[in-house]
Amino acid sequence: MARQERAVRTRRAVVEAAASVFAERGYAAATIAEILERAGVTKGALYFHFDSKDALARGVIEARITRDHRVPRELKLQEWVDTGMTLAHQVPRDVILRAGIRLSGDLQGRTLFGSTWPAWVEQSTALLTEARERGEVLPHVEPAQTAECFFGAWLGTQAFSEAASRWGDLSERVSVLYNHMLPAVATPAALIRLDTAPDRGARVVREAEAEHARRAALVTSEV
């Protein structure tokens, strides 16, 4: 058990170190040597978990995908809003997320290690499809097209915020993005019920983390 715990800690340290280097330098300029230095592990320990820089990049992307702060809502459009707002809240705080965004946009490298973009667009498409089935969106809305259009706008907003304030105002900018886009997507009845406040992402993350902690406590008590 102690050996397994050490292996988990080592893998986590390597993933976080790789994420910090990828986020700062991109895939091509990142080096195994710098990742090793930041992780504070031996080359053998790193290669036990990841046999190449490609595998490291995949590990960072997979770590990002597994971080889910989705909370079910009565309005599926609110879940769609929450997805974008929680990402905006996390970007300044989560180096693995920032690395995933940068790696996913690497046009040459992504053929080697994949991209988070398809999963994010697929999730948005599913939420918009369910919202349409519930009558929350306008008749002309096509879920897949809307999901791709919004995600492209979200990425552009993220890049603009990085350049302007190192993501310090990203939640405010994404709130503005939703406020401009939602009138073309949501029915009036749904629109007036949606919460797009800049602090929405922070509140949803706290709610999700509290629920995760509650479930973990239940499992522990049952054991």
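Below is a short write-up of the structure. (Residues numbered from 1 in each chain as written. Predicted model: local features only at pLDDT ≥ 70, side-chain atom pairs only at ≥ 80, totals over all residues. Heavy atoms only, no water.)

A few words on the overall build of the protein chain. Counting its regular elements, the protein chain contains 12 helices and zero strands. Each helix (α) and strand (β) of the protein chain, taken in turn from the N terminus, gives the series α-α-α-α-α-α-α-α-α-α-α-α. In terms of overall dimensions, the protein chain has a C-alpha envelope of 60 × 50 × 30 Å along the principal axes. For the protein chain, with 223 residues in total, the buried portion stands at 47%. Pairs at least 24 apart in sequence give 68% of the contacts found in the protein chain among residues at least 6 apart. (Helix = DSSP H or I, 4+ residues; strand = E, 2+ residues; numbered from the N terminus. Buried < 20%, exposed > 50% of the residue type's maximum accessible area, 1.4 Å probe, protein only. Contact = heavy atoms within 4.5 Å.)

Counting across every chain of the model gives seven aromatic pairs. We note Lys53 situated over the ring of Tyr27; from NZ or CZ to the ring centre the distance is 4.5 Å. (Phe/Tyr/Trp six-rings, centres within 6.5 Å; stacked < 30°, edge-to-face > 60°. Lys NZ or Arg CZ within 6 Å of the ring centre and 35° of its normal.)

Considering all chains together, one arrives at 18 salt bridges under this definition. Measuring nitrogen to oxygen at the nearest pair gives 3.5 Å for the salt bridge that ties Arg166 to Glu162. For Glu162, a relative accessible area of 29% puts it in the partly exposed group. Put simply, Arg73, Asp82, Asp195, Asp199, Arg200, Arg203 and Glu207 are held in one network by salt bridges that share partners. (Salt bridge = Lys/Arg side-chain N within 4 Å of Asp/Glu carboxyl O.)

Before going further, it helps to spend a moment on the packing of helix α5 (residues 76-90) against helix α8 (residues 117-133). Contact geometry of α5 with α8 gives a least axis separation of 7 Å together with a crossing angle of 155 degrees. If you check the angle between α5 and α8, you find them roughly antiparallel. On the side of α5, the interface is formed by Lys76, Leu77, Glu79, Trp80, Thr83 and Leu87, while α8 contributes Trp120, Gln123, Ser124, Leu127, Leu128, Glu130 and Ala131. Grouping the constituent residues of the contact of α5 with α8 by class yields seven nonpolar, three polar and three charged. (Axes fitted to C-alpha atoms, helices over the stretch in contact; angles between N-to-C directions. Parallel < 35°, antiparallel > 145°, perpendicular 65-115°, else oblique. Nonpolar A, V, L, I, M, F, W, Y, C, P; charged D, E, K, R; others polar.)

Packing of α5 against helix α12 (residues 200-222) leaves a shortest axis separation of 7 Å and a crossing angle of 95 degrees. Put simply, α5 runs roughly perpendicular to α12. Every residue of α12 that contacts α5 at Gln78, Asp82, Met85, Thr86, His89 and Gln90 is listed here: Arg200, Gly201, Ala202, Val204 and Val205. The class makeup of the residues in the contact of α5 with α12 is four nonpolar, five polar and two charged.

Counting 33 residues, the largest nonpolar core has Leu77, Trp80, Trp154 and Tyr178 as its most contacted members. Contributions of two or more residues to this core are made by α5, α6 (95-104), α8, α9 (143-165) and α10 (170-181). Of the residues forming this core, the biggest block, six residues, is contributed by α5. With 27 residues, the next largest nonpolar core counts Leu36, Leu46, Leu56 and Ala57 among its residues. (Core = buried A, V, L, I, M, F, W, Y, C linked by side-chain atoms within 4.5 Å.)

Counting buried positions over the 10 residues of α6 gives seven, a clear majority of the element. For α6, the complete set of buried residues consists of Ile96, Leu97, Ala99, Gly100, Ile101, Leu103 and Ser104.

Structurally, the position occupied by Arg12 is in helix α1 (residues 2-29). Note on Arg12: relative accessible area 35%, which makes it partly exposed. Taking the C-alpha atoms as reference points, Arg12 and Val60, separated by 48 residues in sequence, lie 9.8 Å from one another. Within polar-contact distance, the side chain of Arg12 engages the side chain of Glu16 at 2.9 Å. (Polar contact = N/O pair within 3.5 Å; in protein donor to acceptor, adjacent residues only side chain to side chain.)

A few words on unusual backbone geometry. We note that Arg166 has phi near 55 degrees; this positive angle belongs to a residue other than glycine. Arg166 sits in the exposed class, given a relative accessible area of 56%.

Its 23 residues give α9 an end-to-end C-alpha distance of 32 Å, which sits within 8% of 33 Å, the value for a rise of 1.5 Å per residue. Listed as buried for α9 are Pro143, Thr146, Ala147, Phe150, Phe151, Trp154, Leu155, Thr157, Gln158 and Ser161. Buried positions along α9 lie against α5, α6, α8 and α10. Taking the backbone nitrogen of Ala144 as reference, a side-chain oxygen 3.1 Å away marks Glu142 as the first, capping residue of α9. Once α9 finishes, Arg166 follows within two positions and takes phi at roughly 55 degrees, a positive value. (Expected span 1.5 Å × (residues − 1).)

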